[in-house]
Amino acid sequence: MTEQLTVEDIARYMLLAERKAYILMHSGISWKPEYGPELEAIDKELASLRVLVDQAIKKKEGR
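Residues numbered from 1 in each chain as written. Predicted model: local features only at pLDDT ≥ 70, side-chain atom pairs only at ≥ 80, totals over all residues. Heavy atoms only, no water.

K.L.:
Is there a simple way to think about the packing of aromatic side chains in this case?
P.N.:
The description of an aromatic ring pair rests on the distance of the ring centres and on the angle between the ring planes. Taken as a whole and assessed by the stated rule, the structure comprises 1 aromatic pair. Note on W31 and Y35: the rings are 5.3 Å apart at their centroids and 75° apart in plane angle, and the pair reads as edge-to-face. Residue W31 is classed as partly exposed on the basis of its relative accessible area, which comes to 42%. Residue Y35 is classed as buried on the basis of its relative accessible area of 12%. (Phe/Tyr/Trp six-rings, centres within 6.5 Å; stacked < 30°, edge-to-face > 60°. Buried < 20%, exposed > 50% of the residue type's maximum accessible area, 1.4 Å probe, protein only.)

This is the structure we're talking about:
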């Protein structure tokens, strides 16, 4: 059985994507060492949520 994509999942995905974009667009010369591990954690969580997003898209396309 596959998991369902919830509103909370969508909100979390958007929050993570926004945080990643902010770090990448605003760090430049202000890069902080803690951004590296934070970006890795964001990428890992985005990847797991992306599985749910892809499943929801396939389900919708199948209708």
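K.L.:
Hey, could you run me through the nonpolar core in this one?
P.N.:
Counting residues in hydrophobic clusters, the biggest one holds 8 residues: L16, I23, Y35, L39, I42, L46, L49 and L52. Looking at this core, the element that brings in the most residues is helix α2 (residues 35–61), giving 6 residues. (Core = buried A, V, L, I, M, F, W, Y, C linked by side-chain atoms within 4.5 Å. Helix = DSSP H or I, 4+ residues; strand = E, 2+ residues; numbered from the N terminus.)

K.L.:
Got a minute to help me understand the side chain of D9 in this structure?
P.N.:
Along the polypeptide, D9 turns up in helix α1 (residues 7–26). The residues contacting D9, other than those within four sequence positions of it, are Q4, L49 and L52. (Contact = heavy atoms within 4.5 Å.)

K.L.:
How do you make sense of α1 when you look at a structure like this?
P.N.:
Quick reminder: α-helices carry 3.6 residues per turn. Residues three or four places apart thus point the same way. For α1, which comprises 20 residues, the first-to-last C-alpha distance of 28 Å matches the rise-based estimate of 28 Å (1.5 Å per residue) to within 8%. Restricting attention to buried positions, one finds in α1 the residues D9, L16 and I23. One side of α1 holds all its buried residues, which, seen down the axis, span an arc of 65°. Across from the buried face of α1, at angles greater than 90 degrees, the exposed residues are V7, M14, E18 and M25. The inward-facing, buried residues of α1 contact α2. Looking one or two residues beyond α1, the residue adopting positive phi is G28, at roughly 35°. (Expected span 1.5 Å × (residues − 1). Arc of directions from axis to C-beta.)

K.L.:
For this particular structure, what's the right way to read the packing of α1 against α2?
P.N.:
Each pair of packed helices gets described by two things: the angle between the helix axes and the distance between those axes. At their nearest, the axes of α1 and α2 sit 10 Å apart, and the two run at 145° to each other. By crossing handedness, the relation of α1 to α2 is classed as left-handed. Judged by residue contacts, D9, R12, Y13, L16, A17, R19, K20, I23 and L24 of α1 engage Y35, E38, L39, I42, D43, E45, L46, L49, R50, L52 and V53 from α2. A per-class count over the contact of α1 with α2 returns 12 nonpolar, no polar and 8 charged. (Axes fitted to C-alpha atoms, helices over the stretch in contact; angles between N-to-C directions. Left-handed = near helix turned anticlockwise from the far one by under 90°. Nonpolar A, V, L, I, M, F, W, Y, C, P; charged D, E, K, R; others polar.)

K.L.:
Any chance you could explain the pattern of salt bridges here in plain terms?
P.N.:
Side-chain pairs of opposite charge can arise whenever the charged atoms involved come near each other. Taken as a whole and assessed by the stated rule, the structure comprises 4 salt bridges. The closest approach of N and O atoms between R12 and E45, which form a salt bridge, is 2.8 Å. Highlighted residues: R12 in helix α1 and E45 in helix α2, separated in sequence by 33 residues. Where D43 meets K20, a salt bridge forms, and the shortest distance between an N and an O atom there is 2.6 Å. Taken together, the residues span a long stretch of sequence, with D43 in helix α2 and K20 in helix α1 at a distance of 23 residues. By relative accessible area, which is 34% here, D43 ends up partly exposed. (Salt bridge = Lys/Arg side-chain N within 4 Å of Asp/Glu carboxyl O.)

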